[in-house]
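# Notes for the structure review
Spelled out, the chains give:
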Amino acid sequence: MTRDAALDIHGLTAGYGRGDVLHALSVPALAAGQVTALLGPNGSGKSTLLKALAGLVRTRQGSVLLNGQDMTRLGVGERARHMVYLPQSLPAAVHLRVFESVLVAAKATQDALAPPVAMADIERLLDRLGIAHLALHYLDALSGGQKQLVGLAQALIRHPRVLLLDEPLSALDLNYQFHVMRLLKQETQEHGLISIIVLHDLNVALQHADRAVMISGGRLHAEGAPADVTTPASLAAVYGVQGRVEACSRGLRQVLIDGLDEHPR
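Scope of this entry: the structure provided in the associated data block.

Here is what the cut-offs are and how they apply
- Residues numbered from 1 in each chain as written.
- Predicted model: local features only at pLDDT ≥ 70, side-chain atom pairs only at ≥ 80, totals over all residues.
- Heavy atoms only, no water.
- Helix = DSSP H or I, 4+ residues; strand = E, 2+ residues; numbered from the N terminus.
- Rg over C-alpha atoms; globule rule 2.2 N^0.38 Å.
- Contact = heavy atoms within 4.5 Å.
- Areas by Shrake-Rupley, 256 points an atom, 1.4 Å probe, with all protein chains shown as cover.
- Lys, Arg positive; Asp, Glu negative; His and termini not counted.
- Charge placed at Lys NZ, Arg CZ, Asp CG, Glu CD.
- Salt bridge = Lys/Arg side-chain N within 4 Å of Asp/Glu carboxyl O.
- Buried < 20%, exposed > 50% of the residue type's maximum accessible area, 1.4 Å probe, protein only.
- Pairing = 2+ DSSP bridges.
- Expected span 1.5 Å × (residues − 1).
- Arc of directions from axis to C-beta.
- Polar contact = N/O pair within 3.5 Å; in protein donor to acceptor, adjacent residues only side chain to side chain.
- Axes fitted to C-alpha atoms, helices over the stretch in contact; angles between N-to-C directions.

## Structural notes on the overall build of the chain
- Within the chain one finds 9 helices and 12 strands.
- Against the globule reference of 18 Å for 265 residues, the chain gives a C-alpha radius of gyration of 19 Å, in line with a compact fold.
- Projected onto the principal axes, the alpha-carbon positions of the chain cover approximately 55 × 45 × 35 Å.
- Pairs at least 24 apart in sequence give 65% of the contacts found in the chain among residues at least 6 apart.
- Split by element, the accessible area of the chain, about 12,600 Å² in all, is 51% carbon and sulfur.
- For the chain, the distance from the average position of its 24 positive side-chain charges to the average position of its 24 negative side-chain charges is 5 Å.

## Quick look at the pattern of salt bridges
- In the structure shown here, the tally under the stated rule is 9 salt bridges.
- For the salt bridge of Asp20 with Arg60, the shortest nitrogen-to-oxygen distance reads 2.3 Å. A residue pair is termed long-range when its members are at least 10 positions apart, and Asp20 in strand S2 (residues 19-31) and Arg60 in strand S4 (residues 59-66) qualify at 40 residues.
- The partly exposed category is assigned to Asp20, whose relative accessible area is 35%.
- We classify Arg60 as partly exposed; its relative accessible area is 31%.
- Between Asp121 and Arg124 there is a salt bridge, with its nearest N and O atoms 2.3 Å apart. Highlighted residues: Asp121 and Arg124, both in helix H4 (residues 119-128), separated by 3 residues, approximately one helical turn.

## As for the pairing of strand S9 (residues 211-216)
- A large share of S9 lies buried, amounting to 5 of its 6 residues.
- Looking at chain direction, strand S3 (residues 34-39) and S9 are connected through 4 bridges and run parallel. Each bridged residue has a counterpart across the sheet, and for Thr36 the counterpart in S9 is Arg211.
- As paired elements, S9 and strand S10 (residues 219-224) share 5 bridges and run antiparallel to each other. Pairing of Ala212 across the sheet is with Gly224, part of S10.
- The turn linking S9 back onto S10 is made up of 2 residues, and Gly217 within it adopts a positive phi angle of 60°.

## Description of helix H6 (residues 174-191)
- For H6, with 18 residues, the first-to-last C-alpha span of 26 Å sits near the 26 Å given by 1.5 Å per residue.
- All buried positions along H6 are accounted for by Gln177, Val180, Met181, Leu183, Leu184, Glu187 and Thr188. Projected onto a plane normal to the axis of H6, the buried residues spread over an arc of 165° and lie on a single side. Residues of H6 that are exposed and point over 90 degrees away from its buried face: Leu174, Asn175 and Glu190.
- On its buried face, H6 is in contact with S3, H4, helix H5 (144-156), strand S7 (162-166), strand S8 (194-198) and helix H7 (202-208).
- Where H6 begins, the capping side chain belongs to Asp173, and its oxygen is found 3.2 Å from the backbone nitrogen of Asn175.
- Directly after H6, the chain includes Gly192, whose backbone phi takes a positive value near 65°.

## Notes on the sheet that holds S10
- The 6 strands lie next to each other as S6-S7-S8-S3-S9-S10, forming an open sheet whose pairing is mixed. What marks the edges here is a single partner per strand, and that holds for strand S6 (83-86) and S10. Strand-to-strand twist in this sheet, taken as the mean axis angle between neighbours without regard to direction, amounts to 15°.
- The strands that H5 touches are S6 and S7; relative to S6, the one it contacts most, it runs at about 175°.

What follows is the structure, given as structure tokens:
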């Protein structure tokens, strides 16, 4: 994927049944080699947006352009060759070993003429994620956090053009959260991925993301550099809280919440 590749979202309306969750949502071009944090309160449409991009939720209007090609015109299988979606949790009843599951994922969207998957590549990826020792363990015997790491391995081994991650840190401790975000940034930059990650921790976004997109009520509220998006005004308008964004002793910006907004919107 070229470094000047981009993902453009124009007027996207999508939802479930007869109800819309996203309302004519447009996001300026997301560039390759950058990690974009998708922010917003519960029910704002973050997960729906990822599913709509992956083709798992019906798009009623709008377009999703990847290098000028409209992904909404492709079937789910064809779109999966370009975009990989990682849900919040893996299916519960999967009786495969960790290594096997990553191998299956690698072959799932592989072109028939492509060379076979190198076992050493899977081993290296599991090692980078810190789960090489779990390679022969069964998925259904793992903890929630371990399953999330395996899911990330399954996504990365497919070398997607666009990586869609729905709260991949939710079951991880602080050590693994930092480790995963650092690895994700490395993979994104080295392979020129367009990575979009749903985050609830605004401080993780401030520290690790290259860009942030904040949505509210299925509409774009703000986008840009994380420090420009995460402001006292946006905390009040979108989250209904009074907060500050200040630099710590190391110069890193962090969100401090003082209380509830007296005039919630």
